[in-house]
Number of protein chains: 2
Amino acid sequence: MAGVGLAGAGLAGGFAAGNATARTSAPSAGPAEGDGAFAFTGEHQAGITTPVQDSLHFATWDVTTQDRDEVVALLRAWTLAASRMTQGLPAGEFGPMSGPYDAPPDDTGEAEDLPASGLTITFGFGPSFFTAADGTPRFGLDGRRPDLLADLPHFPGDMLEDARCGGDLAVQACANDPQVAVHAIRNLARIAFGTASVRWSQLGYGRTSSTTTTQPTPRNLFGFKDGTANITSEESAAVDEHVWVAPGDGADWLTGGSYLVARRIRMTIETWDRAPLREQETIVGRTKGSGAPLSGGEERTEPDFEAAGRGGAPLIDPASHVRLAHPTSNGGARMLRRGYNYTDGSDGLGRLDAGLFFLAYVRDPATQYVPMQNALAKHDLMSEYLRHTGSGIWAVPRGVAEGATLGGDQGAFVGQELFA
Amino acid sequence: MAGVGLAGAGLAGGFAAGNATARTSAPSAGPAEGDGAFAFTGEHQAGITTPVQDSLHFATWDVTTQDRDEVVALLRAWTLAASRMTQGLPAGEFGPMSGPYDAPPDDTGEAEDLPASGLTITFGFGPSFFTAADGTPRFGLDGRRPDLLADLPHFPGDMLEDARCGGDLAVQACANDPQVAVHAIRNLARIAFGTASVRWSQLGYGRTSSTTTTQPTPRNLFGFKDGTANITSEESAAVDEHVWVAPGDGADWLTGGSYLVARRIRMTIETWDRAPLREQETIVGRTKGSGAPLSGGEERTEPDFEAAGRGGAPLIDPASHVRLAHPTSNGGARMLRRGYNYTDGSDGLGRLDAGLFFLAYVRDPATQYVPMQNALAKHDLMSEYLRHTGSGIWAVPRGVAEGATLGGDQGAFVGQELFA
């Protein structure tokens with residue numbers, strides 16, 4: 001593979017012996033021009049505070065084996081493959097065309113000529129991973145499920161499709177080249193064959209938020225800037241307060257991890273496109289051009305919800321999206337958002353199936369997501385143009401430590417603390 | 001919009017008066033770094049010999065009006081909007097946030113901060129545009145349908161889904177940023193509201209062929225280099241012989257145009273990924289690494305179908321893809337291919353719905369596509385791993401002349417010769 005830097009080359013040498021020592025460079029070191037590699041190891045998994053890449057392939061799996069050892073072997077194999085692919089290497093040590101001629105290749109090959117492209121691969125465990133539908137604990141994980149890892153409640157207006165919800169395991173693959181993100185998920189699915197089966201997957205193309213202050217604010221499919229108030233990696237105190245699970249939060253194995261909430265939110269863009277500019281801005285609570293709050297200022301000016309205009313009417317509608325989603329309306333709760341736009345063909349009724357694949361990382365979904373979504377679903381003027389069609393929640397463990405040995409029968413793996 | 005060059009700025013001045021004069025720069029002038037603009041006008045529509053961009057949004061529409069004048073008005077409005085969007089301008093003269101405050105914006109806004117990104121927009125007319133299902137001519141186009149513009153025959157193994165086939169009108173939007181390609185199709189759909197309804201749409205992400213010799217050969221989802229023998233824009237004699245409709249070909253209004261064949265070809269990648277490397281290479285007829293024919297040499301070495309190895313067996317299997325798709329197996333027929341990889345989630349059975357969205361431009365589909373596809377469907381070893389799920393054919397008219405006036409009630413439009 002092209003684009004493998006020195007760290008990757010060293011890693012490849014390790015893999016040739018069937019094992020590897022994880023690279024020890026700083027986890028925040030990122031690609032210069034979108035082609036490079038982010039470190040796979042670190043205190044936290046990559047792909048959360050990492051600057052948001054251009055493309056997403058997200059997938060969930062249902063575990064089909066009953067065998068705890070097979071699950072551990074899968075997680076170990078996934079960890080090794082992920083550590084390689086994120087460094088621009090093939091998923092397996094031989095790659096797509098250098099292995100035994102009468103065996104299937106250990107990499108599928110479509111990313112062979114492509115650089116690492118900023119690929120990150122982030123793993124999570126869903127509620128159903130711990131507990132079967134009849135309440136029986138799975139894989140000997142009795143008592144290990146965090147109380148906060150509970151299926152999201154039904155929200156007003158939810159139109160969820162079972163085939164777009166849940167999954168025992170979830171993987172978020174983000175890269176600056178969609179082919180690299182697709183390649184990553186596909187190879188994980190190949191490795192999981194016989195142990196876990198793909199439940200659903202979702203592609204996303206335009207990021208709808210930034211996780212660093214240096215990334216320009218992108219636009220969602222309503223044509224508005226999105227994610228202006230997102231938590232950025234530069235706000236380390238806010239990241240610690242709102243994103244990472246801390247000791248004492250109720251599940252020690254998840255310390256240093258986070259909870260991931262995913263929502264597939266279809267937008268009725270054809271209806272939106274026939275709404276007057278005035279109505280669109282009232283609904284959002286910001287101008288369509290600069291993204292400034294309707295109370296005035298620039299994009300990053302704090303909204304003034306008390307400001308009134310003619311006749312004493314508030315400049316920002318109390319039922320606007322910016323008002324209801326604002327931390328002051330939600331007990332100070334904030335989230336780290338990492339969503340993407342999606343377009344999945346058309347619906348057979350002349351409309352595009354397009355919208356937002358919402359991804360958010362929080363320390364406590366019960367206080368940071370559920371109340372806000374309840375308020376939005378009930379009161380947000382924007383709800384008329386939204387249909388939540390997919391949903392899921394996963395516990396995202398801490399990262400694999402820098403310098404850990406990966407691969408083989410004893411290598412470190414993501415989620416290892418859960419099985420300790 | 002960012003990234004509008006001098007030509008675009010001049011164009012904007014023209015649009016402000018409700019009309020525009022098409023820019024006159026050379027149609028082959030392309031963006032330097034993927035951000036720039038290709039000329040919209042020229043002898044041929046852009047998006048055919050244009051260097052293949054990174055992303056595709058393809059859509060087809062069914063015309064819902066019976067009124068010829070409304071169809072012409074739609075084509076005129078589409079032409080104007082396409083000429084603007086390809087230059088990095090909003091679809092309409094006001095754009096997403098500068099128009100009348102109590103009217104819907106004339107652009108949806110999600111590409112507002114993005115450069116032209118090499119966008120091309122290419123229009124085509126399907127057989128059903130000319131003739132209703134009961135055989136009645138539509139829109140006064142009696143006798144204007146080219147004989148070659150006929151629905152493709154049923155091929156062995158076809159598993160076509162009606163919701164992925166056909167369409168009166170087709171638009172191929174290609175860009176180096178998927179958000180720009182999606183924005184283009186969405187705004188054309190917005191403009192068509194009430195006149196034509198989206199029938200289906202397809203996103204593609206990794207090009208599977210090159211149209212210039214300077215583009216590296218990409219890989220398809222089988223992990224092999226694809227499109228090595230494609231017609232490139234540098235082969236001007238081959239382009240004239242195999243791509244552009246010439247006077248006397250049977251439909252004068254289509255002179256300078258082409259026929260577009262689209263096939264949505266699902267790949268059973270999970271099965272493929274379990275096939276040994278030896279079998280994969282035998283099926284393709286090339287090595288997975290360099291893409292060289294199994295008869296030896298490098299990627300661009302001409303395959304030697306007579307070369308034999310041990311025991312006199314041919315080095316390239318007579319039922320391999322490279323053999324059956326080769327011009328020497330097809331009476332010298334060649335195509336200009338412009339396909340993309342696609343991944344549309346999963347199929348509910350644990351498999352990704354992924355494959356190739358095949359797009360090819362030919363002068364004569366009856367000799368350049370149909371016999372080859374018949375041979376492939378019957379004999380190609382690869383067929384076991386392919387499922388054709390979507391299909392369509394469209395006549396793609398010549399380009400709008402450089403310098404033509406666009407917009408208003410009298411402006412030039414793509415397909416104008418058909419309505420002359």
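Residues numbered from 1 in each chain as written. Chains lettered and ligands numbered in written order. Predicted model: local features only at pLDDT ≥ 70, side-chain atom pairs only at ≥ 80, totals over all residues. Heavy atoms only, no water.

If you look chain A up in an unreviewed UniProt entry, it shows as Deferrochelatase from Oerskovia rustica. According to the UniProt record, the Function (unreviewed entry) comment for chain A is "Involved in the recovery of exogenous heme iron. Extracts iron from heme while preserving the protoporphyrin ring intact." Turning to chain A, the UniProt annotation filed under Sequence similarities (unreviewed entry) states: "Belongs to the DyP-type peroxidase family." (UniProt positions renumbered as here; feature names shortened; annotations may be inferred.)

(A) Molecular detail of the relation of the copies chain B and chain A. It takes a turn of 180° to lay chain B on chain A, together with a shift of 0.0 Å along the axis; the resulting RMSD is 0.0 Å. Each copy turns onto its partner about a two-fold axis. Relative to the rotation axis, the closest C-alpha in chain B is found at Asp-344 of chain B, a distance of 3.4 Å. By residue overlap, the copies meet face to face through one surface: 100% of the interface positions of chain B are interface positions in chain A. (Least-squares fit on C-alpha atoms with pLDDT ≥ 70 in both. Contact = heavy atoms within 4.5 Å.)

(B) Geometry of the side chain of Thr-60 of chain B. Residue position: Thr-60 of chain B is located in strand E2 (residues 55-63). A polar contact is formed between the side chain of Thr-60 of chain B and the backbone oxygen of Gly-166 of chain B, at a distance of 3.0 Å. (Helix = DSSP H or I, 4+ residues; strand = E, 2+ residues; numbered from the N terminus. Polar contact = N/O pair within 3.5 Å; in protein donor to acceptor, adjacent residues only side chain to side chain.)

(C) Quick look at the packing of helix H2 (residues 68-85) of chain B against helix H4 (residues 178-192) of chain B. Residues and elements named next belong to chain B. Look at H2 against H4: their axes get within 10 Å of each other, and the N-to-C directions meet at 155°. By the criterion of interaxial angle, the relationship of H2 to H4 is roughly antiparallel. Considering how the two elements wind past one another, H2 and H4 form a crossing that is right-handed. Facing H2, whose interface residues are Leu-74, Ala-77, Trp-78, Ala-81 and Met-85, H4 presents His-183, Ala-184, Asn-187, Leu-188, Ile-191 and Ala-192. By residue class, the composition of the contact of H2 with H4 is nine nonpolar, two polar and no charged. (Axes fitted to C-alpha atoms, helices over the stretch in contact; angles between N-to-C directions. Parallel < 35°, antiparallel > 145°, perpendicular 65-115°, else oblique. Left-handed = near helix turned anticlockwise from the far one by under 90°. Nonpolar A, V, L, I, M, F, W, Y, C, P; charged D, E, K, R; others polar.)

(D) Inspection of H4 of chain B at higher detail. All names here are of chain B. A rise of 1.5 Å per residue sets the reference length of H4, with its 15 residues, at 21 Å; its end C-alpha atoms lie 21 Å apart and thus fit the reference within 8%. When you tally the buried positions in H4, you get twelve out of 15 residues, the bulk of the element. Those residues of H4 that sit buried are Gln-179, Val-180, Ala-181, Val-182, His-183, Ala-184, Ile-185, Arg-186, Asn-187, Leu-188, Ala-189 and Ala-192. Where H4 begins, one side-chain oxygen reaches toward the backbone nitrogen of Gln-179, 2.8 Å away; that side chain belongs to Asp-177. A positive backbone phi angle near 95° is found at Gly-194, which sits one or two residues after H4. (Expected span 1.5 Å × (residues − 1). Buried < 20%, exposed > 50% of the residue type's maximum accessible area, 1.4 Å probe, protein only.)

(E) The environment of Ser-128 of chain A, seen in detail. Residue and element names in this part refer to chain A. With respect to the helices and strands, Ser-128 occurs in helix H3 (residues 127-130). Sequence separation between Ser-128 and Tyr-205 is 77 residues, and the spatial gap between their C-alpha atoms is 28 Å. Setting aside chain neighbours within four positions, we find Ser-128 in contact with Arg-138, Gly-167 and Asp-168.

(F) Representation of the UniProt feature "domain: Dyp-type peroxidase C-terminal" (unreviewed entry) in chain A within the structure. Within this structure's numbering, the places UniProt gives as "domain: Dyp-type peroxidase C-terminal" (unreviewed entry) are residues 217-400 of chain A. Between the end C-alpha atoms of residues 217-400 of chain A there is a gap of 31 Å, over a span that is 21% helix and 22% strand.

(G) Molecular detail of the side chain of His-388 of chain A. Along the chain, His-388 of chain A turns up in strand E10 (residues 386-396). Reaching out from His-388 of chain A, the side chain makes a polar contact with the side chain of Arg-263 of chain A at a distance of 3.0 Å.

(H) Looking closely at the UniProt feature "domain: Dyp-type peroxidase N-terminal" (unreviewed entry) in chain A. Listed under "domain: Dyp-type peroxidase N-terminal" (unreviewed entry) in the UniProt record, and renumbered for this structure, are residues 45-205 of chain A. Helix and strand shares over residues 45-205 of chain A are 23% and 19% respectively, and the end C-alpha atoms of the span are 22 Å apart.

(I) Fine view of the confidence of the model for chain A. Residue and element names in this part refer to chain A. Per-residue pLDDT for chain A averages 92, and the proportion of residues at 70 or more is 92%. Predicted confidence is poor over residues 1-32, with pLDDT under 50, and the contacts of this stretch with residues over four places away or in other chains come to 80 contacts. Reported confidences for the modelled complex are a pTM of 0.93 and an ipTM of 0.92. (pLDDT = per-residue confidence, 0-100.)

(J) Main features of the pattern of salt bridges. Residues and elements named next belong to chain A. What the rule picks out here adds up to 38 salt bridges over all chains. The partner of Arg-266 in a salt bridge is Asp-347, with the nearest N and O atoms 2.8 Å apart. Here the residue Arg-266 occupies a position in strand E6 (residues 258-267), and Asp-347 occupies one in the loop between strand E8 (340-346) and strand E9 (352-362), the gap between them amounting to 81 residues. Under the relative-accessibility criterion, Asp-347 is labelled partly exposed at 23%. A network of salt bridges, in which partner residues are shared, links Arg-264, Arg-266, Asp-344, Asp-347, Arg-351 and Asp-353. (Salt bridge = Lys/Arg side-chain N within 4 Å of Asp/Glu carboxyl O.)

(K) View of unusual backbone geometry. Residue and element names in this part refer to chain A. A positive phi angle is found at Phe-139, which is not glycine, with a value near 55°. Relative to the elements of secondary structure, Phe-139 occurs in the loop between H3 and strand E4 (169-175). The exposure class of Phe-139 is buried, given its relative accessible area of 6%.

(L) Focus on the interface of chain B and chain A. Taken together, the contact pairs 55 residues of chain B with 55 residues of chain A. Counting each side, the surface lost to burial between chain B and chain A is near 4,600 Å², with a carbon and sulfur contribution of 58%. A salt bridge links Asp-273 of chain A to Arg-186 of chain B; the nearest nitrogen and oxygen atoms lie 2.8 Å apart. In this structure, the connection of chain B to chain A is made through 22 residue pairs in polar contact (both at pLDDT 80 or more). Broken down by secondary-structure element, the contributors of at least two residues to the side of chain B that touches chain A are H4, strand E5 (196-204), helix H6 (269-272), helix H7 (277-284) and strand E8 (340-346) of chain B. (Buried area = accessible area lost by both parts, 1.4 Å probe.)

(M) A look at the packing of aromatic side chains. Residues and elements named next belong to chain A. One pass over the structure, following the stated rule, counts 38 aromatic pairs over all chains. On the numbers, 6.0 Å between centres and 85° between planes, the contact of Phe-155 with Tyr-369 is edge-to-face. Note that Phe-155 is positioned in the loop between H3 and E4 and Tyr-369 in the loop between helix H9 (365-368) and helix H10 (370-379), a separation of 214 residues in sequence. Comparing Phe-155 with Tyr-369 shows no difference in burial state: the two are buried. (Phe/Tyr/Trp six-rings, centres within 6.5 Å; stacked < 30°, edge-to-face > 60°.)

(N) Region of the structure containing H10 of chain A. All names here are of chain A. Of all the positions in H10, only Val-370, Met-372, Gln-373, Leu-376 and Ala-377 are classed as buried. The buried residues of H10 occupy an angular sector of 160° when projected down its axis, which confines them to one face. On its buried face, H10 sits against helix H8 (321-325), H9 and E10. (Arc of directions from axis to C-beta.)

(O) The environment of Gly-223 of chain B, seen in detail. Mapping Gly-223 of chain B onto the fold places it in the loop between E5 and helix H5 (236-242). Looking at Gly-223 of chain B, the relative accessible area reads 1%, which means it is buried. A sequence separation of 60 residues divides Gly-223 of chain B from Ala-163 of chain B, and the C-alpha atoms of the two residues are 29 Å apart. Beyond its immediate chain neighbours, meaning those up to four positions away, Gly-223 of chain B contacts Thr-108, Gly-109 and Glu-110 of chain A together with Lys-288 of chain B.

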